[in-house]
Amino acid sequence: MHQREHASLGSRAMLFLGLVLLWAMLWGQFTVLSVLTGVAISTVVTLVFYLPAIQFSRRLDPARTVYFFVRLAFDIVVASFQVAWIVLRPGTVPHNSIVAVQLRTRSDLITMWVAESLSLVPGSIVVDLDRGESILYLHVLDTDDGRDVERARSRVLGTEERIVRGFGSAHDVALVRGTARPPEADPTPPGTEGER
Amino acid sequence: MAIMTVLFAALSFAAPVLVRLLGRRAFLLLAVVPVVAFVHTLGYTGVIASSDGAATESWLWIPQLDLAIAFRMDALAWLLALVVTGVGALVLVYCASYFGDDEPALGRFAGLLLGFAGTMYGLVTSDDVMVMFMYWEITSVLSYLLIGHYTGRKESRGAALQALLVTTLGGLVMLVGVVMLSVIAGTTRISELVAEPPQGVLPSIAIVLVLVGAMSKSAIVPFHFWLPAAMAAPTPVSAYLHAAAMVKAGIYLVARFAPGYAESPAWTPIVVGFGVLTMLVGAWRSLRQYDLKLVLAYGTVSQLGFLFVIVGFGTRDAALAGAAMLLAHAVYKAGLFLTVGIIDHRTGTRDWRKLSGLGRAMPVLAVAAALSTASMAGIIPLIGFVGKEAVFTAFIEEGLRGDAWAWVALVGTAVGSVLTVAYSARFLWGAFARRTTTEPVSIHGDSGAIVAAPLVLGVAGIVFGIGVALVDPLLAAYADTFGHGEYHLALWHGLEPALFLSIAVIALGLLLFAARRSVARLQSTVPAVVDASRGYWTTVNAVDRLAARVTLFAQRGGLPQYLTTIVVVFVLAVGGMLLVTRTWPTDIRPFDYPLQVVIAACMIVASVMAARARQRMTAVLLAGVTGFGLVALFALHGAPDLALTQALVELATIVTFILVLRRLPHAIAQHNRPVRKVRRAVIGVLFGVTMSVVAAVALSAREAESIATELPRLSLEEGHGRNIVNVMLVDIRAWDTMNEIAVLVVVATGIASLLFVSGRSGTPQRLPGARRQRANRRAVPADVRASNGISPAGESPATIDSADASAAEDDHDDTGAHPQLVDAGAHEPTVAHTATPEERLASGARQSWLLAGRTIRDENRSLLLEVLVRLLFHPAIVVSIFLLFTGHNTPGGGFAGGLLAGLALVARYLAGGRYELAEAVPIDAGKLLGSGILLAVGSAVGSLFFGADALTSAYLEADVPVLGHLSIGTSTIFDLGVYLVVVGLTVDILRSLGGEIDRQQEDADLDPGASDDFSTTTAAER
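Values in this document were obtained by computation on a predicted structure and should not be read as measured data.

Take the pairing of strand E1 (residues 55–62) of chain B next. All names here are of chain B. Pairing between E1 and strand E2 (residues 67–73): seven bridges, direction antiparallel. If you follow Thr-56 over to E2, its bridge partner there is Arg-72. Here E1 folds back onto E2, and the loop between the two strands holds four residues, one of which, Asp-66, carries a positive phi near 60°.

Before going further, it helps to spend a moment on the packing of helix H32 (residues 724–732) of chain B against helix H41 (residues 970–1006) of chain B. All names here are of chain B. Two elements in contact, H32 and H41, have axes separated by 9 Å at closest approach and are oriented at 90°. Looking at the two axes, H32 sits roughly perpendicular to H41. Of the residues in H41, those in contact with Asn-726, Leu-729 and Val-730 of H32 are Ser-971, Phe-974 and Asp-975. Here the residues of the contact of H32 with H41 sort into three nonpolar, two polar and one charged.

The next subject is a nonpolar patch on the surface. Residues and elements named next belong to chain B. Residues Val-17, Leu-21, Leu-22, Leu-29, Val-32 and Val-36 make up a contiguous nonpolar surface patch of about 490 Å² in total accessible area. When contributions to the nonpolar patch are tallied by element, the ones reaching two or more residues are helix H1 (2–22) and helix H3 (32–42). If you tally residues by element for the nonpolar patch, the top one is H1, at three residues. For Val-36, the location among the structural elements is in helix H3.

The next point concerns the packing of aromatic side chains. Summed over the entire model, instances satisfying the criterion amount to 25 aromatic pairs over all chains. With a centroid separation of 6.3 Å and an interplanar angle of 75°, the aromatic rings of Phe-68 of chain A and Phe-167 of chain A are classed as edge-to-face. Linking Phe-68 of chain A in helix H3 (residues 62–88) with Phe-167 of chain A in helix H5 (residues 146–167), this pair joins segments that are 99 residues apart in sequence. Across this residue pair, the class does not change: Phe-68 of chain A and Phe-167 of chain A are buried. Taking 4.9 Å as the distance between ring centres and 65° as the angle between the ring planes, the aromatic pair formed by Phe-99 of chain B and Phe-109 of chain B counts as edge-to-face. Here Phe-99 of chain B, found in the loop between helix H5 (75–98) and helix H6 (106–125), pairs with Phe-109 of chain B, found in helix H6; they are ten residues apart in sequence, far enough to count as distant. Each of the two residues, Phe-99 of chain B as well as Phe-109 of chain B, counts as buried. One aromatic cluster in this structure is built from Phe-27, Tyr-94, Tyr-98, Phe-99 and Phe-109 of chain B.

Residue and element names in this part refer to chain A. Alternating residues of strand E2 (residues 97–102) divide into Ser-97, Val-99 and Val-101, all buried, and Ile-98, Ala-100 and Gln-102, none buried. Sheet analysis places E2 next to strand E4 (residues 135–140), joined by six bridges and oriented antiparallel. Looking at E4, one finds that Ser-97 is bridged to Val-140.

Reading guide: rules and limits
- Residues numbered from 1 in each chain as written.
- Chains lettered and ligands numbered in written order.
- Predicted model: local features only at pLDDT ≥ 70, side-chain atom pairs only at ≥ 80, totals over all residues.
- Heavy atoms only, no water.
- Pairing = 2+ DSSP bridges.
- Helix = DSSP H or I, 4+ residues; strand = E, 2+ residues; numbered from the N terminus.
- Axes fitted to C-alpha atoms, helices over the stretch in contact; angles between N-to-C directions.
- Parallel < 35°, antiparallel > 145°, perpendicular 65-115°, else oblique.
- Contact = heavy atoms within 4.5 Å.
- Nonpolar A, V, L, I, M, F, W, Y, C, P; charged D, E, K, R; others polar.
- Patch = residues over 30% accessible without salt bridge, like charges linked within 9 Å, V, L, I, M, F, W, Y side chains within 5 Å.
- Areas by Shrake-Rupley, 256 points an atom, 1.4 Å probe, with all protein chains shown as cover.
- Salt bridge = Lys/Arg side-chain N within 4 Å of Asp/Glu carboxyl O.
- Phe/Tyr/Trp six-rings, centres within 6.5 Å; stacked < 30°, edge-to-face > 60°.
- Buried < 20%, exposed > 50% of the residue type's maximum accessible area, 1.4 Å probe, protein only.

All quantities given are derived from atomic positions and should not be read as evidence of function.
If you want it as structure tokens, here you go:
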């Protein structure tokens, strides 16, 4: 265990209040009773089922966050029709690809958001993820040539940018804007470390 | 009398605690109980000395059957109660010296032995034949546990089982007899059964059955073989159970019933015939033994046969003699067993060929043993002599009156007595004499206190002998139940035939002893004609073989065959019933709404595809589709409760399947191609058709008005809940639920015991260092394996790393099984302690999302899963708690809540492996299951204390200021029990099917030589 620093009060409070809110919403009422029992239950649950503290990004741009979700919904609708067409169109069998995309963020949370959003959109699904290198491996439907692959890659990076601008950390925002340099690559080639 | 049995029981249960506190000295404290009972019994002396005197106590027990817990202290009960408690006290005192403090399971032994004394006391004093039978069976069970005290020895366990089987067999036969008797006579009181015995054929048969029980308990031929084998028990047990107490139960029973039933036609032939045979067989065998304990064991068999003849003979004088012999035998045989125990203890052997010169080395013990042996041989002036002479007199008198059986008994017992004298002399000589051919053995010293018990017993023999005139009226009180007589027990009756017979017996016996070499040669030439013990083993083996045959016939090991059997039986039985039914549905609707058709079509397609699937995983997922189709049907039909539960069950099932399937080959039937596909398909279709028709018929078969219309009202008014399904589960039909969770617990235990072949450890293997992390809750731990940023700050944390690694080695002996744990420290890149979160993120270091993520190999790790589980685990638990509490009024309940919590744990396991699971639930799954059952049973039993029926729910409602209206029912506690059982089951499945298989896989990976079928398959997959 290597404890470098402590989670901010805000991050901890957010998780805790989230649980209380969830409890109150489940009961469908915000009364003294529901909040008090919610606090009690949340306290017991977090104490009994201990999980490591986590640190959120401390940044939230409401407008861009809303934009991300609206765009996601739009993408899903559009992609649904595209996939339906690919399936139903006569003749050709689509060429599919595994596309590796180097993300700019190093945040697990943002990576997860990117991966989940992409998986929600029909036609693309995350098959693997290199955590150390922040590389997403995507299965993409109907990629006839390099242009389609490039389009898929830019879609990934666009999703990443929208998410980071919505609620990524300041450092990540600088990374997607290109105003900060990504960290040095690991001198040991990936893959060797895992082999024992 | 009842108070004594309560005292015995209480102290028996307290005995383990006392032994833990006081060690072996606790036996001295425990001995107080039989002493108190002894004194208490002596208090009845005045009552029983008066003619036909008896003290009774009685509590009505089961009025419908007219059963009462009735005790009756008459002369016979008084005599046996004194023997049982007196010898019991001495044996307990002896135990204090016999055992060491380090003897394993001494507390259990003490409790059982004291409990046995109490049971014997209850047996001889109870007056209700059913209560007596209960005590009778308890002695069998306790004797099983006591003989099997050395649980590690196969011989000891076998002997215990043999004794149990033989005595319970007899016990069951006796139960039949006893029930017949009490039904015919219309009473279960022993005193009434004996006073007014029913006449006729049936009672005669019944009494024979009772005699069989007595014979098995008292080791009479042909049941005698269990007693010598039972010598595997510790010596105090042999002395008490197999000399003074348990084996006397049969004799007691005969003595108890003889006054009423000795005239029964089969009685005398059985009693005299088998008794004499036993006496001769036992004595003959005894002469051949070299193990001193076995000499006594066969001697006991012989003496029990002797007692059987006398107490069962059925005349007043024989009964008096029998009572005297009963007393004499208990005293001398217990003393002799204790003597052998001391010899064994001090010299380390019981084989007399290895012993020499013990008489000089242990004079006190030798004197005590000599007194007891003399009593056994019937030497004047000991009680044994008095008894034996009374026996001979009784038989001679009766024979002269023209009873042929009396002559048989006289000759038999006289010959038996000659042999008795011979083996008595051989025993004494073998144990204590100095033989020039044998080296004197070294003697292990101990406190002299151990000699006290056999000395007291030896001296008692002479005291009773000389003071027999005082004992006589008390024993005569029993004998007089046969009618009054003139004969009295005395040392000197004058020059009578019996005296000459006694003298002749002793002389012949000593002659036999003197010619022991010739006797031994003769014995070795006579073949063992019938070996009852071999008969027992033949029977046991035959039963085993039959069981194996039947199992082999019914269970050939092929799953398809089992399924075929079940399904075909179902089709034939239920389908056959359908053919004769007359309630065919009159009105058939194809569907309620069109969506049903779509869902049904999906389910049908999925099930057909599942049957045709070639991959296991595909088949399971397709079967899952049918389950989720059912979820949709439930939901659309307005049963959100069922839909929720069904969905959770379906998920849990799929997870369980996948956990199992990952160790099986991917393709179905790789090695054995399925045979007779058409036949199987036909059977399957027939089953489906039958089920459909059954459903249709069942729905239209209703004749009475449905009680379902009442359920909404009942659940709201009686169960205080709006969710009818949940109120049904936890209140209206809570018994069903209780049985179901009991089954769940059994299943969980079964799965675990199948997979934890090498023994199931209590708490799961924990992650080293996790406690330290837990202590600092606010810390954001870095994930050491995923971080690739390197920050070679001045201080190197290498020391911490190696400490971590060595801690890992210390925590687990098999560190090799999870090398990644150790390597994690060694290869770990480090980040400066002073880094801010941004810097740390910039440097590429990642935070740890779960506790044990780093124990998983990189290639098997899923970041998405880890992050999602970290974020969703707590909410899932909160929702599951909500489901538990809200279930009474809205969809949910303990079962659904428990399943959700279980699935949350499944997610933890899938994301972080078995160490993650161990961190999430760091306790034994059995404790979860156990506390769940405890809560459910507790809430069920709790209502009994308030005068209500079991499982009656109670509700508390109150308006609390600020908080508002509160309502809580005991059924919620019951539901909490269900919740815990379901969670415990999930944890158990995960731990056995998941974690344990992981561990076995790791072991197999590490040790290619030890790889099994499964691991080769999995290795190929990788």
